[in-house]
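Geometric and topological summary
Read off the chains here:
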Amino acid sequence: MMTGVLAITAGCGQKKSDFKYLLDEFADLKVMRYQIPGWDELTLQQKEYAYHLSEAAKWGRDIHWDQNCKWNLPIRHVVENILENYKGDRESKEFQQFTVYAKRLFFANGIHHHYAEDKFFPECSQAYFKSLMVAVGEGDKCAELLDIIYNPDILQQRRSTSTDGDIVVLSAGNFYEGVTRAEVEKYYESIEDKTDETPIAYGLNTKVTKDANGNIVEIPWKIDGMYGPAIAKICEELKLAAACAENDIQKRALGLLVKYYETGDLKVWDEFNIEWVKDTIGTVDFINGFIEDYNDPLGRKGAWEGYVNIKDHKASERSVILSANAQWFEDHSPVDPRFKKKECKGISAKVINAVCLAGDSYPSTPIGINLPNADWIRKMYGSKSVTIANITHAYDYAAQESPTSTLDEFAWDEAEKAFYREWGSWADEIHTDLHECLGHGSGQLLPGVATTAMGEYASALEEARADLFGLYFTADPKMVELGIMPNKDAYKAEYANYIRNGLMVQFTRVELGRPNTEAHMQNRKLIAEWCYEKGAKDNVIEKKVRDGKTYFVVNDYEKLRDLFAQLLAEIQRIKSEGDYEAGKHLIETYAVNIDPTLHKEVKERYEALNLKPYGGFINPDIVPVEKGGKIVDYKVVYNDDYLKQQLDYGKKYGAL
Ligand SMILES: [Zn+2]
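Residues numbered from 1 in each chain as written. Predicted model: local features only at pLDDT ≥ 70, side-chain atom pairs only at ≥ 80, totals over all residues. Heavy atoms only, no water.

If you tally the helices and strands in the protein chain, you get 26 helices and 14 strands. A globule of 656 residues ought to have a C-alpha radius of gyration of about 26 Å, and the protein chain, at 26 Å, matches this closely. For the protein chain, the spread of C-alpha atoms along the principal axes amounts to about 75 × 60 × 60 Å. Buried residues in the protein chain amount to 54% of all 656 residues. A fraction of 72% describes how many contacts in the protein chain between residues 6 or more apart in sequence connect residues 24 or more apart. (Helix = DSSP H or I, 4+ residues; strand = E, 2+ residues; numbered from the N terminus. Rg over C-alpha atoms; globule rule 2.2 N^0.38 Å. Buried < 20%, exposed > 50% of the residue type's maximum accessible area, 1.4 Å probe, protein only. Contact = heavy atoms within 4.5 Å.)

Below you can see the structure in the form of structure tokens.
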């Protein structure tokens, strides 16, 4: 057990190496890089497997660009040409402005902001942009492309959020063309079998348009269909990967994935997912396909995504230990015994390290993933839930490299900051593990209470319940005993941070004058505000003001833990009994309304920090090492040039 602890502790906490994480900042974006811990421990075969999966991931890049808007690839090709071949003055202000536009374009995989989805514009003039195009021999494209780049009235949003217009017609994304929302909806209505309990994901891998006779048609994304040249390359690499897979499940899964790309048959896609979910023993894993539907205004079309990762065996041990002790936690949870599970199973989530990000996950990438998306597959075969450790760490370390931070601005004194730097990222991870592995699964409803009883307050209350479960047990001596928490005080870093965030810092993400509406943010505000109010008579959390700036300081950690316990007991009661009115009261009293004066202060302090709200990553290269005509190893090479990687990918993986 003790070896386990030491092993688990390594890699967390303060940044120790000279590896530079933060590479570039521009507009509202920052570009970072990540390391791949565990790579050197892989066998040659595992490395080869990961290598081919990564190549397969990178070959899908152009698909995602084209899905985002059909003008993205022509514009990118022109921009690449200018960056590579323009011989004029590169130091001028206008060329710098052009370069920032290029960087934003690459970051967003197109002309629309990756998150806000609005079109963004170059700061250099249209005439200057034109002169660059002419200089590199692209003058004939100016009339068409410059209008698309500069005209604010066309292709305004990638996914339209219009409330009165037709969101299919108004969306710049390339999922539909020449069709209206009503036509698309009628079409799918006519082909969907509503009685099927294992339905395919209708429309996931097609573009919808009309044929010459005006009939609605779907153009499939498959090897001999739309995106064929890119898909052919993906399949080539997937076949090479299958030849060196770790086990037969992976082999079968890859075979099905190739068959799906060849046929476009969504039944085969389901069969692939069922096999993919079964592989919980391999070290190397991947995502490859048309996955998330957030970019489609109608929530059908899958954005192309690639992801290759390796299991972090040591970090995953933590969730194994927690799951193995799930019953102990349930029995010791501070809620009424009537609401406890008699038999309790934890969820074995795994911790992974990214090896390659691609498509919809590059450069901006999630830190946790749960797939597949088909509900019936999740129910019948399960799903894989992962947290991505090296990406989370890279975020933390890059923040430490930045000269300003929210910690410095919003924490009360040097002692609080130093303590957080020592234990914060560590304690935060443990809290997340408890939340995911045990929190959501704990407790039970009384007989006859519907799972939908909490109505529109369900998500926020459920997140609060899982968070409180995690907060309460993060401080439990059992956590040190199990070798998960390094010492009995480390939890205080998470407590102080949680309160600071819940009462203040998180409001940086809410527009002034707007209420707090997102479920996770409501949950944090509810918990922090409730504890602040209930602990006021004992001064558990103290509001202090210095130089006109507000701070919230935790004075009594044990009493704060008691308050967490009380609120957990109450929210569990509300859920178990289906007490809708009490749930509504908690949310509406503590979670929604932000004090306007504090909100304004928080926004101003945050803006002064000049931090970039959105981050993304470049990939390391995986390079085959040859000796005597044979590949003897695959080396990881860490790049530090964002634009160079983008240009290299354009040359190497340009398929469309
Ligand atoms: Zn949750």
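Here we take up the pattern of salt bridges. One pass over the full model with this rule turns up 48 salt bridges. The partner of K20 in a salt bridge is E401, with the nearest N and O atoms 3.6 Å apart. Here the residue K20 occupies a position in the loop between helix 1 (2–9) and strand 1 (22–26), and E401 occupies one in helix 16 (residues 389–401), the gap between them amounting to 381 residues. Judged by relative accessible area, K20 falls into the partly exposed class, the value being 45%. You can call E401 partly exposed: its relative accessible area is 22%. A salt bridge links E55 to K58; its shortest N-O distance comes to 3.7 Å. In this pair, E55 and K58 both sit in helix 2 (residues 44–58), three residues apart, roughly one turn of the helix. The exposure class assigned to E55 is buried, which follows from its relative accessible area of 6%. Here the residues in one salt-bridge network are D336, R338, E570, R573, E577 and D579, joined through shared partners. (Salt bridge = Lys/Arg side-chain N within 4 Å of Asp/Glu carboxyl O.)

When we look at a pair of aromatic rings, we describe it by the centre distance and by the angle of the planes. Overall, the coordinates contain 38 aromatic pairs when judged by the stated rule. Between Y187 and Y188 the ring centres are 4.9 Å apart and the planes differ by 75°, which places this aromatic pair in the edge-to-face class. The residues Y187 and Y188 share a single accessibility class, namely buried. Counting every residue linked through ring pairs, the aromatic cluster contains F175, W221, Y227, Y260, Y261, W269, F272, F286 and F290. (Phe/Tyr/Trp six-rings, centres within 6.5 Å; stacked < 30°, edge-to-face > 60°.)

Within the open sheet, the three strands sit side by side as 1-2-12. Their pairing is mixed. Looking at strand neighbours, the two that pair on one side only are strand 1 and strand 12 (614–618), the edges of this open sheet. The average angle at which neighbouring strand axes cross in this sheet is 25°, direction not considered. (Pairing = 2+ DSSP bridges. Axes fitted to C-alpha atoms, helices over the stretch in contact; angles between N-to-C directions.)

Take the packing of helix 21 (residues 491–503) against helix 22 (residues 519–534) next. In contact at an axis separation of 8 Å, helix 21 and helix 22 are set at 105° when each is read in the N-to-C sense. Judged on the interaxial angle alone, helix 22 and helix 21 are roughly perpendicular. For the pair helix 21 and helix 22, the contacting residues are Y498, I499, N501, G502 and L503 in the first and N523, R524, K525, I527, A528, E529 and Y532 in the second. Here the residues of the contact of helix 21 with helix 22 sort into six nonpolar, three polar and three charged. (Parallel < 35°, antiparallel > 145°, perpendicular 65-115°, else oblique. Nonpolar A, V, L, I, M, F, W, Y, C, P; charged D, E, K, R; others polar.)

What follows deals with the nonpolar core. Side chains of a nonpolar character, in soluble globular proteins, are inclined to be buried together. Residues W39, Y49, L53, L238, Y260, Y261 and F290 are the most contacted members of the largest nonpolar core, which totals 84 residues. If sequence neighbours within four positions are ignored, W39 has contacts with K47, A50, I310, V355, I622, Y634 and V636. With 72 residues, the next largest nonpolar core counts F329, L468, V510 and Y557 among its residues. (Core = buried A, V, L, I, M, F, W, Y, C linked by side-chain atoms within 4.5 Å.)

The next subject is the coordination of the zinc ion. At this site the zinc ion is bound by H435 (NE2), H440 (NE2) and E463 (OE), with donor distances of 2.1 to 2.2 Å. Using a relative accessible area of 14% as the deciding quantity, one classes E463 as buried. (Donors = N, O, S within 2.8 Å, 3.2 Å for Na, K, Ca; no water.)

Within the open sheet, the five strands sit side by side as 5-6-7-9-8. Their pairing is mixed. Each end of this open sheet is capped by a strand with a single partner; those strands are strand 5 (284–290) and strand 8 (368–371). Neighbour to neighbour, the strand axes of the sheet diverge by 35° on average, direction disregarded. Note: strand 5 against strand 6 (residues 304–311), seven bridges, orientation antiparallel. Within strand 6, the position partnered with F290 by the bridge is W304. Taken strand by strand, helix 16 contacts strand 6, strand 7 (350–359) and strand 9 (384–388), and its axis lies near 80° from that of strand 7.

This brings us to helix 18 (residues 414–439). End to end, helix 18 covers just 33 Å across 26 residues, shorter than the expected 38 Å (1.5 Å per residue, more than 12% under). The sharpest bend along helix 18 measures roughly 55° and falls at W423. (Expected span 1.5 Å × (residues − 1). Bend = angle between axes of the 7 residues up to and from the residue.)

Now for the pairing of strand 9. Regular strands show a simple pattern: their side chains alternate between the two faces of the sheet. With burial as the criterion, only one face of strand 9 is covered, namely that bearing K384, V386 and I388; the residues S385 and T387 on the opposite face remain uncovered. Across three bridges, strand 7 lies against strand 9 in parallel orientation. Counterpart to I352 in the pairing with strand 9 is I388. With four bridges joining them, strand 8 and strand 9 adopt antiparallel strand pairing. By the bridge assignment for strand 9, G368 is matched with T387.

With an omega dihedral of -10°, the bond running from Y362 to P363 counts as a cis peptide bond. Its place among the elements puts P363 in the loop between strand 7 and strand 8. The omega torsion of the bond from L371 to P372 falls at 0°, within 30 degrees of zero and hence cis. On the secondary structure map, P372 appears in the loop between strand 8 and helix 15 (375–381). In this structure, L155 takes a positive phi of about 50° despite not being glycine. Relative to the assigned elements, L155 resides in the loop between helix 7 (142–150) and helix 8 (167–170). Even without being a glycine, D547 presents a positive backbone phi close to 50°. Along the chain, the position of D547 falls in the loop between strand 10 (541–546) and strand 11 (549–554).

Attention now moves to the state of the cysteines. Considering all chains together, one arrives at zero disulfides under this definition. Here C69 stays free of any disulfide, with the sulfur of C142 as its closest cysteine sulfur at 18 Å. Between C356, a cysteine without a disulfide, and C244, which holds the nearest cysteine sulfur, the sulfur-to-sulfur distance is 15 Å. Residue C356 is classed as buried on the basis of its relative accessible area of 1%. (Disulfide = S-S within 2.5 Å.)

This paragraph deals with the packing of helix 18 against helix 19 (residues 458–474). Where helix 18 contacts helix 19, the axes come no closer than 8 Å and their chain directions differ by 125°. Put simply, helix 18 runs oblique to helix 19. Handedness of the helix 18/helix 19 crossing: right-handed. Packed against helix 18, whose contacting residues are A427, H431, L434, H435, L438 and G439, the element helix 19 presents E463, R465, A466, D467, F469, G470, L471, F473 and T474 at the interface. Classifying every residue of the contact of helix 18 with helix 19 by side-chain character gives seven nonpolar, five polar and three charged. (Left-handed = near helix turned anticlockwise from the far one by under 90°.)

From the geometry alone we can't say anything about function, so treat these as descriptive.
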